Every structure is written in C-alpha cells, then in structure tokens.
Amino acid sequence: MISVILPIYNVAEYVGACVRSILDQSFGDFELIAVDDGSTDGSGDLAAAAAAGDPRFRLISRANGGLSAARNTGLDAARGELIAFVDSDDMLAPEYLERLEQALRDSGADWVACGILFHGPDHEMRHSARHDAPRLLEQQPELPLPQTYRLDDWRDVVCHFPSAWNKLYRRSLIEGLRFDEGLNYEDHAFFQRCAARTDRLVHLHAPLYRCRQGRPGQITRDGSERVFEQFAVLDILRTITSGPQKTGGPEAMAQLTTRLTFERAEAITDHPRRARFVNAARAAQAATGLPPDDRLGVPGWWLDLLEGRVPVSVVIPSNGDADALRQSLDALAARSLIEAEILVVADSPAAGQALGGLDLAALCPGTRLVVGPGGADMHARTAGARNAGLKAATGGALVFLDAGDALPPRALAIWQARLRKAGADMGFARFVMAPDAPHSGLHDRRPLEGRLDDPEGFAPQPGDTVYIHAHPSAKIWDRAFVQARGLRFAPAPLSSWDFLLRAGGQAERILYLPGLPPKLASRPATRAFWLEPTPPTALARAVADMAQGLPGPVAGRLLVRAIWEKLNFADLGEGAATWEAEAAAAFGAAHPESAVDVDPYVGQRLRALLGIQP
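Structural notes, computed from the coordinates. (Residues numbered from 1 in each chain as written. Predicted model: local features only at pLDDT ≥ 70, side-chain atom pairs only at ≥ 80, totals over all residues. Heavy atoms only, no water.)

**Brief notes about the overall build of the chain**
Check the secondary structure of the chain and you find 24 helices and 20 strands. Taking the principal axes of the C-alpha coordinates as reference, the chain spans close to 90 × 55 × 50 Å. When burial is assessed residue by residue, the chain has 57% of its 614 residues classed as buried. Across the chain, every contact between residues at least 6 apart in sequence was considered, and the portion connecting residues at least 24 apart equals 80%. (Helix = DSSP H or I, 4+ residues; strand = E, 2+ residues; numbered from the N terminus. Buried < 20%, exposed > 50% of the residue type's maximum accessible area, 1.4 Å probe, protein only. Contact = heavy atoms within 4.5 Å.)

**A word on the pairing of strand 3 (residues 57-62)**
Sheet topology note: the strand 2 (residues 30-37)/strand 3 ladder contains 6 bridges and is parallel. Paired with D36 across the two strands is S61, which belongs to strand 3. Handedness of the β-α-β unit built from strand 2, helix 2 (residues 43-51) and strand 3 comes out right-handed. (Pairing = 2+ DSSP bridges. Right-handed = clockwise from strand over helix to strand, strands pointing away.)

**Regarding empty space enclosed by the protein**
Under the defined criterion, the tally for this structure stands at 5 cavities of 30 Å³ or more. If you add up the space inside the largest cavity, you get close to 60 Å³. Counting only elements with at least two residues in the lining of the largest cavity, the list comes to strand 7 (123-127), helix 5 (136-139) and strand 10 (200-212). When grouped by side-chain class, the residues that make up the lining of the largest cavity number 4 nonpolar, 3 polar and 3 charged. (1 Å grid on protein atoms, 1.4 Å probe; cavity = no way out; pocket = protein on both sides within 12 Å on 5 of 7 lines; lining within 4 Å. Points joined across faces, edges and corners; volume = space filled by probe spheres on them. Nonpolar A, V, L, I, M, F, W, Y, C, P; charged D, E, K, R; others polar.)

**Here's the deal with the environment of A521**
Secondary-structure assignment places A521 in the loop between strand 20 (519-520) and helix 20 (528-531). C-alpha of A521 to C-alpha of P435: the two residues are 86 residues apart in sequence and 8.4 Å apart in space. Look past the residues within four positions of A521 in its chain and what remains in contact with it is A403, G404, D405, T526 and R527.

**Some points on the side chain of D405**
In this structure, D405 sits in the loop between strand 14 (397-400) and helix 17 (411-422). Although D405 is buried, it makes no salt bridge; R386 carries the closest opposite charge, 7.0 Å away. With residues near it in sequence (within four places) discarded, D405 still touches S328, H471, S473, K519, L520 and A521. (Lys, Arg positive; Asp, Glu negative; His and termini not counted. Salt bridge = Lys/Arg side-chain N within 4 Å of Asp/Glu carboxyl O.)

**A closer look at the layout of surface pockets**
A volume near 770 Å³ is recorded for the second largest pocket. Together, 40 residues line the second largest pocket, and R386, D402, A528, F529 and W530 are the ones closest to its centre. For the lining of the second largest pocket, the secondary-structure elements that each account for two or more residues are strand 11 (312-318), helix 16 (378-392), helix 19 (495-504), helix 20 and helix 22 (554-569). Examining the composition of the lining of the second largest pocket, we find that 6 residues originate from one element, helix 16, more than from any other.

**Observations concerning the pattern of salt bridges**
Taken as a whole, this structure holds 39 salt bridges when the rule is applied. A salt bridge links E339 to R274; the nearest nitrogen and oxygen atoms lie 2.7 Å apart. Highlighted residues: E339 in the loop between helix 13 (322-333) and strand 12 (341-346) and R274 in helix 11 (residues 271-287), separated in sequence by 65 residues. As far as the burial class goes, E339 and R274 line up, both buried. Each of D444, R446, R557, R561, D597 and D599 takes part in salt bridges that share partners, so that together they form one network.

**Describing the nonpolar core**
One recurring pattern in soluble globular proteins is that nonpolar side chains are buried together. Membership of the largest hydrophobic core comes to 93 residues, with the highest contact counts inside it found for W302 and L332. No other element matches helix 17, which puts 7 residues into this core. The contact partners of L332, leaving out residues within four places of it in the chain, are V314, I316, I342, C364, L401, L407 and L412. (Core = buried A, V, L, I, M, F, W, Y, C linked by side-chain atoms within 4.5 Å.)

**Focus: the sheet that holds strand 16 (residues 431-433)**
Strand order in the open sheet formed by 3 strands is 17-16-20, and the pairing between neighbours is mixed. Each edge of the sheet is formed by a strand with only one pairing partner; in this case those strands are strand 17 (437-439) and strand 20. Sheet analysis places strand 16 next to strand 20, joined by 2 bridges and oriented parallel. Bridged to M433 within strand 20 is L520.

**With respect to the sheet that holds strand 13 (residues 367-371)**
Read from one edge to the other, the open sheet built from 7 strands follows the order 13-12-11-14-18-15-19, with strand pairing classed as mixed. The strands lining the two open edges of the sheet, one partner per strand, are strand 13 and strand 19 (510-513). Within the sheet, the average angular offset between the axes of one strand and its neighbour, ignoring direction, is 25 degrees. (Axes fitted to C-alpha atoms, helices over the stretch in contact; angles between N-to-C directions.)

**Some details on the pairing of strand 18 (residues 475-478)**
The pairing of strand 14 with strand 18 spans 2 bridges and is classified as antiparallel. Across the sheet, residue L398 finds its bridge partner in strand 18, namely W477. Inspection of the sheet shows strand 15 (residues 426-429) paired to strand 18 by 3 bridges, in the antiparallel sense. Bridging across to strand 18, M426 finds its partner in W477.

Function cannot be inferred from these measures alone, as they are strictly geometric.
Listed below in structure tokens is the structure:
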C-alpha cells in the first residue's frame, strides 16, 4: 500500500532509531526504501542492521548526489499506491502511517499532512505545520479533526509547511514529479507542484512526525554560501505560482519571499555574509512589487531589516571600566540578531578617553562609542549617558544595559519580535541576580495576576508600573513611544525608577517577557548604584518627585522599597545605625500616617523601624 522513502547521508547517530520507528508502525502494509547517498560513516549498514532482516526493508546504495537525487532514486524504485518521505534523523509516532492512510481513505483527497513535534538536545515544541497558526490545536482544542483546507488560491497554499516529510501522497498526485537536483531547499518546488495539481489538503494537527533540530549538518541550519540558492528556488516558485491553476500568485510570492529569506538569514552567523544576504533579500522582496508580509509567522526584526530599518539599539553607559564593559560585549557578540546597534556611551569625557583605546567593534561587531556630557556625580553622569545613547540610537526598539550585565544570545531578537507583534510600548523581563538568584521582574505579582500571561500584553491601570522592578537591563522600549512622550532619565537618585513610572503612566500596552532573563553584574565596581549609601532625605525627595500624579499609597510603598534596598545592599559601614535613624525620620516626615502598603518581602524589622502598622 505505502512506499516509505528514506534518504540517508552520514547520520550514523540517528538512523537506527529512525528505521525502527518506521518498522514499528501500527500499519504494516508498506515497503521501506532506504537510499544510502554515498555515506562515509557506515549509515547504510547501520540502517540495515536496525531493520534486522525485516523483508519490508530495502537498501539502495548510490554515489553521493544530494538529498534530491536520493529521493528521486527512491521514487523510481517505489511500488506503493501511496508515497511517504522521512528524513533519516527524524522519527515517526507509532500510528503515523495508520492515521494518515485512514485520513486519505476517508476523505478521498490526494494528500494529507500532520503536525510536527520538533525536538532537540534540550527542548520539545509542538507545531501544527501551518506557518500562520503554529499553535492551532492548543488555541482551538475543539477543532474537529482531520481538517480539510481548500487550495483554490496560492495564499491558501503557502501557509502550509512545504516539507516533503510529514505528508502522505497518492501516487497519482506525484506521478512524473521529481525533486530539483543540485539545489538546497528542494522541498519547496516539489510541494508547490503538488499543490498546483489539487484543490485541497487534508490535515491532522496532531504532532505525529518527530523532527530533530540542532543536528550538525542540517540543511536548514546551513549558513554557508549555499543560502543564496534560496533565490534560485524563489525564481522557480515564481514560475509555478504564475500558472493558471490558482489565483493570488503575486501576493503569495510576497509572503513566501519574506518567510523563506527569514529562515535562511537565521542560519547565517558570519556578519559580512549576512549583510550580503539581507541586501539580496531586500532586492528579492522588491521584485515581488509588494512590501514584506508577516502573515507566515515572520518576526518584526526581519520586516525591519527588509525595509531598511535597524530593529533594536542597545545603550550601555560606561565609566571607563573595561572589564565590566567586556562582560556585556562578550555576551552581545553572541547575539542572534546581528544587526542590533550597540552603543557604548562614555559617561564623561575622561571615560571616553579611557575607552578610546579599546577596539569595541572587534570585541563586539556593530558597536560604536558615544561620549556623554558628564556630570557632577554618578547619577548625573549615568543619566546623561543614557540620554545621549537615546539621542544617538536609530533602532526601532531600545534596551538599556548597565556595564557588566549580560543578555542571552536570542533575547534581543525575541524581545523585539514580541514587542512589535503586540504593539506594546514597553516590555519587561525576568532577570538573574548573579551568581544564580532568579527574579520574576516584579516586586509584587498579585496586583497584575491574570494579565501578565497575555501574549498581546495588557493595558496598564494607574500605578501598575509600581509593581514592576525598575532595573533597566530587563526592559525593552518602543523608541517612537519614548521619543513622542519626551521621556528622559533624570540626573538624580533612583533615575531608572523615575523613567519607568513616567513611561508606565503614559504607556497604552505593556508586555511581560518571562523567558530569556539577563544576568545582572555582581562585582562591586558594577553595582555602584546598589552600594551607594544615598542619604534617606535624598531618597525621599526623589520618591516625592516621581510619585506625583500617581495614586496616594504609591509614594509610601516606593520610599519603603528604596530604604529596604539600601539597608540590604548599600555599603553603610559604621554609619548604619545613624542611617537607619535618618531613614525613620525621613519616612515619618513624608508619611505621618501609619497605614502604608508595602512590598510583601519587607520584613517586620523594617516595618517596626519605620512605624508601619500591620
């Protein structure tokens, strides 16, 4: 009934499990045609050993010709009424063939697809195999299965995964079709040619096909010069979609060009090659006559690049401490969003001279130095540096780091994509207090409970940002929002608190980013704001200024928080007792009433010191 075609090339570590998953299918009427495409690691012999003499298994050995040639060899040898392709590092759920064959028999359709379980060394992810609705089954659990999707328009076609695998085909559908040899990304044209011959696709969203990710040598992760073959494939697809079989060819090609160039760009880590590829992708998109289109699940940063914009700018104030700065730049050098703009801002002319001898671009490509205006104290210098970075930034989004803080490699790409998709003004994340203390990014989660998990963010109520931790390294901002509202860092203690509260009071949408937490620096030289024994009266003045216009209890909560942080982190030395007495006096003067709402982690000792009643 079914011919399963398994191309094999240097997958010794995986091919045995793949073969066993096929031979263990609950549906037994099939032949397994394994095509060893000139493997040099014994993969073909290992496949035969895994089959252990099963008569359904047949091994064909040939000189290396590439994946398309191996699949074509299998097609030439296939005898089944139905055809399936499996990649030799993947596996099938035990009921894969049974359920797909049943769906074809019941529907009378020409082909059927299923959902995918992507899995790697440390992750698993279910995918519907539809670019436009990757989590369809989770979002619509009541959806009747299988679904039949019409393919009357090319836009109906391109939302489906173009993979040859995860599908079962009638021989009549693919009779005479072959894979284009000599090109990578060979699945795409085969898929489109199949779609041109039929008006529907049956789809089981269950993840019955188990696709391995992260294996060295995978074509989809090849960032070599071969990524440019994608443009030749796009030319082939343009020819196919310009045929009379379906409408919507130009619009579908605009969507496909955006999607497929994004997929290839993600694999490129070489900066000059990636820059050349981005330019070629812009030209290909322009050739469609239509703008970039994100309906196939493309992140916002790729749309920005196709339209010639910088997706995100990172601003790092520096006092000239090269060691602290290197910590941040080392982490940013590994970023997946290569095109992010990195601005190191010297917080004074003296710091600028100290940093002038560093080759910042060599430490982290894409980095340039800006010199801030300086100032009389640390608060003024840092605020001036952040504001200078804000003025110099060209990115659509902004991230402010402290020197020494480290972002995970994919944080910028994922934060920016989620911020743009949600249309949010700001996003805030969890972080890690070095060495390994995780923080939720919230001082108190309870007032925001039920709103944080919405992927589209939430509309803040007055005072909501009081509950968000103000550390700048765990935030991303929409730069147009910051500029339009005239937001700047104040040259005073608790400057980042003031910035967050003023922004939060004007933001229309805020997004919580629970993944990819930055790691905050822990060395004393990088924690000057935490260690500084700021006088309590200065803290009270700063809180009074930033709390204007916020609900009444907010100022008390903020002042208690500021005092708590200094008592726990500042280097008060022998003056601790005096500082505590001054804190009690400053708090009493600002809040003579005893009923003040405080953060849940504030202990009884501080409550008693400040005279706060339960």
